[in-house]
Amino acid sequence: MDGAASSVDWVAFVEQLNAEQGWGFAPADVLAYVAALRSLLPPTASPAKLRRVCLNYYADAPLVAALSDCQHPNYHAAWVDWHGFAFQVLYSSGWFASDDPACDTEDLAQMTLLELLRSLPSFNFESRLHTWAHAVIVRSAQRAGRDRCTARRVQQRFVMRQQNATSQFAPEYQQPTASTEGRVLSQLVHDVLMKTADLRLPQIFLLHALRDLTSDQIAALLQLKPARVRRLLGQARGIVRHSPALQAWCAD
């Protein structure tokens, strides 16, 4: 059953599935399916894999088409449904069980939907769309969780260092306030991000990290689309996370 698909007549294969599944394909539909399969599979794909992809394609291709084309008549309705699906996955995975105020449910759901949109062109129908999307959503949430943990560790280190540096010399009324500590930390991050070509990065990152604004709120302030803000925020997080200057500072 695992022989090479190069020995299989793809048209006959789809015709057989059509009869077996009762799809009611016309000859033109069969040819269209064969063309789609050839764009997804190598000529050496096994009949078992050919069958699996063909069945998944029949089940999920209409939804993939709707999600991928903003001009599709079902585009908005499809993404509304997937917004609900993202919430369901995140809740069932325990991502909203935390009392962490940084865990904004709507922002996290929107972030996972953006990752779904980015990843959709790579979906190859080797599994059902919902199975694949579940994995994408969980990975995206895990990445966001790691980013929050990294930011929290950096801030805790900063506060401890500032307290240790000042507590021995300054009277209580001269102890730095949280706002002062935040300004120093923001300046450090600002200096790193200002070295990039896009001057929006430090602004967006600091609005999110220090003022705890969501991507939608930042988008309204900067007159950008929320999706664009999320992309820039992800880029800024990557720069901060991998900055040699910040890594060296955290290691001290």
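The model shown is predicted, which means the values in this text are computed figures rather than measured ones.

A. Region of interest: unusual backbone geometry. In this structure, Phe125 takes a positive phi of about 65° despite not being glycine. Within the secondary structure layout, Phe125 lies in the loop between α5 (105–119) and α6 (129–167).

B. Representation of the packing of helix α8 (residues 200–209) against helix α10 (residues 226–241) within the structure. As a packed pair, α8 and α10 sit with axes 9 Å apart at the nearest point and diverge in direction by 90°. Viewed along their axes, α8 and α10 adopt a mutual orientation that is roughly perpendicular. Here Arg200, Leu201, Ile204, Phe205 and His208 of α8 come into contact with α10, specifically with Arg228, Val229, Leu232, Leu233, Gln235, Ala236, Arg237, Ile239 and Val240.

C. How the structure looks around the environment of Arg231. Within the secondary structure, Arg231 is located in helix α10. Exposure remark for Arg231: the relative accessible area of 35% places this residue in the partly exposed category. Separated by 16 residues in the primary sequence, Arg231 and Ser215 have C-alpha atoms spaced 9.8 Å apart. If we skip the residues at most four places from it in the chain, Arg231 touches Leu114 and Arg118.

D. How the structure looks around helix α3 (residues 47–68). Along α3, the sharpest change in direction is near 55° and occurs at Asp60; proline Pro62 comes one to four residues later. For α3, the complete set of buried residues consists of Pro47, Leu50, Val53, Cys54, Asn56, Tyr57, Asp60, Ala61, Val64, Ala66 and Leu67.

E. Quick peek at the confidence of the model for the protein chain. With 70% of its residues at a pLDDT of 70 or more, the protein chain has an overall mean of 76. When mean pLDDT is compared element by element in the protein chain, α3 scores highest at 93, while helix α7 (residues 178–193) scores lowest at 60. Contacts for the low-pLDDT stretch residues 1–6, under 50 throughout, to residues beyond four places or in other chains number 18 contacts. Contacts from residues 165–182, a stretch scored under 50 in pLDDT, to residues over four places away or in other chains number 11 contacts.

F. View of the side chain of Thr112. Structurally, Thr112 is set in helix α5. Excluding residues within four positions of it along the chain, Thr112 makes contact with Ala86, Leu90, Ile137, Ser140 and Ala141.

G. Looking closely at the packing of helix α1 (residues 10–21) against helix α2 (residues 27–40). Running from amino to carboxyl end, α1 crosses α2 at an angle of 120°, the nearest separation of the two axes being 9 Å. Crossing geometry of α1 relative to α2 is assigned as right-handed. Taking contact as the criterion, the partners of Trp10, Val11, Val14 and Glu15 in α1 are, on α2, Val30, Leu31, Tyr33, Val34, Leu37 and Arg38. Its residues placed into classes, the contact of α1 with α2 shows 8 nonpolar, no polar and 2 charged.

H. Region of interest: the pattern of salt bridges. One pass over the structure, following the stated rule, counts 5 salt bridges. Across the pair Arg128 and Asp60 runs a salt bridge whose closest N-O atoms are separated by 2.9 Å. Of this pair, Arg128 sits in the loop between α5 and α6 while Asp60 sits in helix α3, and the two are 68 residues apart along the sequence. For Arg128, a relative accessible area of 40% gives the class partly exposed. Among the residues examined, Asp60 registers a relative accessible area of 3% and is labelled buried. Close ionic contact of Glu115 with Arg118 constitutes a salt bridge, the shortest N to O distance being 3.7 Å. With Glu115 and Arg118 both in helix α5 and 3 residues apart, this pair spans about one turn of that helix. On the basis of relative accessibility, which here comes to 44%, the residue Arg118 falls in the partly exposed class.

I. Expanded view of the nonpolar core. Counting residues in each nonpolar core, the largest one holds 45 residues, and the members touching the most others are Trp82, Leu116, Leu129 and Trp132. Within the residue set of this core, elements represented by two or more residues are α1, α2, α3, α4 (75–92), α5 and α6. Look past the residues within four positions of Trp132 in its chain and what remains in contact with it is Leu116, Ser119, Leu120, Ser122, Phe123 and Ser127. One finds Val189, Ile204, Leu207 and Val240 within the second-largest nonpolar core, a separate group that totals 15 residues.

Thresholds applied
Residues numbered from 1 in each chain as written. Predicted model: local features only at pLDDT ≥ 70, side-chain atom pairs only at ≥ 80, totals over all residues. Heavy atoms only, no water. Helix = DSSP H or I, 4+ residues; strand = E, 2+ residues; numbered from the N terminus. Axes fitted to C-alpha atoms, helices over the stretch in contact; angles between N-to-C directions. Parallel < 35°, antiparallel > 145°, perpendicular 65-115°, else oblique. Contact = heavy atoms within 4.5 Å. Buried < 20%, exposed > 50% of the residue type's maximum accessible area, 1.4 Å probe, protein only. Bend = angle between axes of the 7 residues up to and from the residue. pLDDT = per-residue confidence, 0-100. Left-handed = near helix turned anticlockwise from the far one by under 90°. Nonpolar A, V, L, I, M, F, W, Y, C, P; charged D, E, K, R; others polar. Salt bridge = Lys/Arg side-chain N within 4 Å of Asp/Glu carboxyl O. Core = buried A, V, L, I, M, F, W, Y, C linked by side-chain atoms within 4.5 Å.

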